[in-house]
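# Understanding the architecture of this molecule
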Amino acid sequence: MTVPTPAELAEGILAGQTRAVARGITWAEGADPRFPELLSLIFPKGGRARVVGLTGSPGAGKSTLTAALARLARAEGKRVGIVAVDPSSPFSGGAILGDRIRMQELYTDPGVLIRSMATRGHLGGLARATADAVDVLDAAGFDEILVETVGVGQDEIEVFRLAESCVVVLTPGMGDDIQAIKAGLMEVADVFVVNKADREGADRVVHEILQMLELGEHGAWIPPVLKTVARAATGIQELRDALERHRAFLAGPEGASRRRERTVRRIESIVQQRLLADLHGLSGANGSLASEAERLEGRTRDPFAAAETLLAAVRDRGGPARGLVTRIAHLGVAVESLEEGGRFYDLLGLLEEHAEVVESQKVSTSFRPVGESSIELLEPTSPESPIAKHLARRGPGVHHVCLEVADVAAALAKLKGAGVRLVNEEPFPGAHRCLVAFVHPASTGGILLELSQKLPDEPR
Ligand code: ZN
C-alpha cells in the first residue's frame, strides 16, 4: 500500500472513507509532521459535528452509556464517531479495550467509527491529539462525536474540556466519585449522570451532586442531574434531550463565550507544546536547558535571565534572529581628547552622563545619551589602544556602532555558525556593566560592530 500525500488523504477523509479517516487519526495521534498540512486541508470543511464528552471513574459504565447514546443517534440516521481515550492503555488504533465488548454490534455498523487513543508524552499531548482526531471525524461528515475518557487526571480533564457538552458519569456506592468531582470536574460538567441508578444509593448521589451545585459557581446553565441504567437503555433519551437543551444554550450569547474560551485554549495548548518541544530540542552554544540549569545552580544566572536566554534561543532556531537585537546602544566616536571632542556635543545639549576607563581596550569613554541610545566618545589611554591605531590610520571619526543584544554569547554562536568574521570569539566586560564583543567590518558592510549585553545591576 502506498503512503498517501496529505492532499490525497484529505480527499479520502472529505469523502468519508473509513480507511482515510483511520489513517488521519493515526497521523493525529502520532503527531505526524504531515498532520498540520492535512488539517489545513480538511479544517475549513468541518464545524458541523456535535461533540459530546463523557467521563467518570473506571467502572462507571461510560462505555455502555456511550454505546447507548450512539445507538439512539443511529436510530435517527446520524453517523457517529466514538473516540475512546485511555492514556493508561498500551493499545491504540483499533485495539478493543475490555469494555468495548459491549459495543460489538456498533463495530460492524458502517455508520459508526470507533477509535481508541492512547497517546502519552507531554502534558497536553493527549488533548491535542484528541482534538485533532475529532476534527478528522468532523471533516469526514460524522454528525455526532462521542469522546469517552477514563479517570480524572489533568490530561483527561483537558481532553474532556474540548467537548461542546461535558457529561460526568457517577454511580452509587463509589465514595471517591464526589471527591473526584471536587478535584476539578465540577466546573466543566454540563450534565451529571448517575448511572446504574437501579442500585442502592442512587438518590443519595443525586442529592449530593445537587447540594454541591448549590454551593458551587455556575453561569446561566445549571447542569441537570439525570439517572440512567445504561445496560437497560433506561434514561438515555432523557440524557439526549438534556444534551439537546445544552446545545440550544450554547447557540446563545453565553455559549459563544464558552466556545471562544475553548478555541483559545486549543491554540494555547499547541503553542505551549511547540515551545516546549523547541526548548527541549535546544543544544549547543545558544544555550540549552541543561547549560542554563547549570548556570542557575552555580548562581551565575538568575531564573528570569535563563528563561530570557532560552526564549531568545527558541525564537532564533532555524530562522533569522528576531528579537535578539533590542536597540542601537551607542555610536562610538574616536577623538583625540574627550574634553575637546565633548565640547561640540555639550553645545547640542548631549551632556556626559557616564565616564569610564575601559582597561581592556585602553580607552577613556564619555557617554552622552540621545533618546534610547548614546554617543560614546573614545580617547586612547595608551598608544597600544585600538582607538590610538584608528586615529593614526584614519583620524577622528566614527569608530563603531554598538547593538544591544539579549545574549551576546548566543549572538556570537549564531554568527560564528554562519561563518561571520568575528574580532572576539568570547565576550568580555565593556563599559557600563556590559558584556561585549566585536564583529569584523568585513562581514558587516564596513562597520566595526560591537554587540553588547547589559548585565544585571550589582547588588548594593
Ligand atoms: Zn562601544
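This section reports on the structure supplied with the text.

Scoring rules and cut-offs
- Residues numbered from 1 in each chain as written.
- Predicted model: local features only at pLDDT ≥ 70, side-chain atom pairs only at ≥ 80, totals over all residues.
- Heavy atoms only, no water.
- 1 Å grid on protein atoms, 1.4 Å probe; cavity = no way out; pocket = protein on both sides within 12 Å on 5 of 7 lines; lining within 4 Å.
- Points joined across faces, edges and corners; volume = space filled by probe spheres on them.
- Helix = DSSP H or I, 4+ residues; strand = E, 2+ residues; numbered from the N terminus.
- Nonpolar A, V, L, I, M, F, W, Y, C, P; charged D, E, K, R; others polar.
- Pairing = 2+ DSSP bridges.
- Axes fitted to C-alpha atoms, helices over the stretch in contact; angles between N-to-C directions.
- Contact = heavy atoms within 4.5 Å.
- Donors = N, O, S within 2.8 Å, 3.2 Å for Na, K, Ca; no water.
- Tetrahedral: all angles 85-135°; square planar, octahedral: opposite > 155°, others 65-115°.
- Buried < 20%, exposed > 50% of the residue type's maximum accessible area, 1.4 Å probe, protein only.
- Salt bridge = Lys/Arg side-chain N within 4 Å of Asp/Glu carboxyl O.

## Considering empty space enclosed by the protein
- Counted by the stated rule, this structure contains two cavities of 30 Å³ or more.
- Surrounding the largest cavity, Arg50, Val52, Leu69, Ala70, Glu144, Leu146, Arg240 and Leu243 form its lining.
- Elements represented by at least two residues in the lining of the largest cavity include exactly strand 1 (50-56), helix 4 (62-75), strand 4 (144-150) and helix 10 (236-250).
- Its residues placed into classes, the lining of the largest cavity shows five nonpolar, no polar and three charged.

## What about the sheet that holds strand 6 (residues 191-194)?
- Pairing is parallel in the open sheet, where seven strands are placed in the order 3-2-4-1-5-6-7. Edge positions in the sheet fall to strand 3 (112-117) and strand 7 (225-227), since each has one partner strand and no second. Neighbour-to-neighbour, the strand axes of the sheet open up by a mean angle of 20 degrees, direction not taken into account.
- Direction of pairing for strand 6 relative to strand 7: parallel, over a ladder of three bridges. When the bridges of strand 7 are listed, Val193 appears paired with Leu226.
- Running over the sheet, helix 4 touches strand 1, strand 2 (80-85), strand 3, strand 4, strand 5 (165-170) and strand 6 and is turned about 175 degrees from strand 4.

## Structural notes on the coordination of the zinc ion
- The zinc ion binds to the protein through His330 (NE2), Glu376 (OE), His400 (NE2) and Glu450 (OE); the donor distances cover 2.1 to 2.3 Å.
- Each of the four donor atoms around the zinc ion contributes to a set of angles spanning 83 to 165 degrees, which defines the coordination as irregular.
- For the zinc ion, all donor residues lie on one chain, and their spacing in sequence is H-x45-E-x23-H-x49-E. Of this pair, His330 sits in strand 8 (residues 325-334) while His400 sits in strand 12 (residues 397-405), and the two are 70 residues apart along the sequence.
- Note on His330: relative accessible area 7%, which makes it buried.
- The class for His400 is buried, based on a relative accessible area of 2%.

## Points about the environment of Leu54
- Among the secondary structure elements, Leu54 is positioned in strand 1.
- A relative accessible area of 0% means that Leu54 is categorised as buried.
- Sequence spacing of Leu54 and Cys166 is 112 residues, and the spatial spacing of their C-alpha atoms is 6.0 Å.
- Not counting chain neighbours up to four residues away, the residues in contact with Leu54 comprise Lys62, Leu65, Thr66, Leu69, Leu146, Val147, Glu148, Thr149, Phe160 and Val167.

## Observations concerning the pattern of salt bridges
- Considering all chains together, one arrives at 23 salt bridges under this definition.
- Among the salt bridges present, the one from Arg204 reaches Glu208, with a minimum N-O distance of 2.5 Å. Highlighted residues: Arg204 and Glu208, both in helix 9 (residues 202-215), separated by four residues, approximately one helical turn.
- Linked by salt bridges that have partners in common, Glu76, Lys78, Glu144 and Arg240 make up one network.

## Digging into the environment of Gln17
- By secondary structure assignment, the location of Gln17 is in the loop between helix 1 (6-14) and helix 2 (18-29).
- Of the residues examined, Gln17 reaches a relative accessible area of 45% and is grouped as partly exposed.
- Sequence-wise, Gln17 and Ala140 are 123 residues apart; in three dimensions their C-alpha atoms are separated by 7.6 Å.

## A look at the sheet that holds strand 9 (residues 354-358)
- In spatial order, the strands read 9-10-11-8-12-15-14-13; together these eight strands make up an open sheet with mixed pairing. Across the chains shown, the open sheet's two edge strands, defined by having one partner strand only, are strand 9 and strand 13 (428-430). This sheet shows a mean twist of 35 degrees between the axes of neighbouring strands, independent of strand direction.
- Pairing geometry for strand 14 (residues 434-439) and strand 15 (residues 449-454), over six bridges, is antiparallel. Bridged to Cys434 within strand 15 is Lys454.
- Running over the sheet, helix 14 (residues 338-347) touches strand 8, strand 10 (363-370) and strand 11 (373-380) and is turned about 155 degrees from strand 11.

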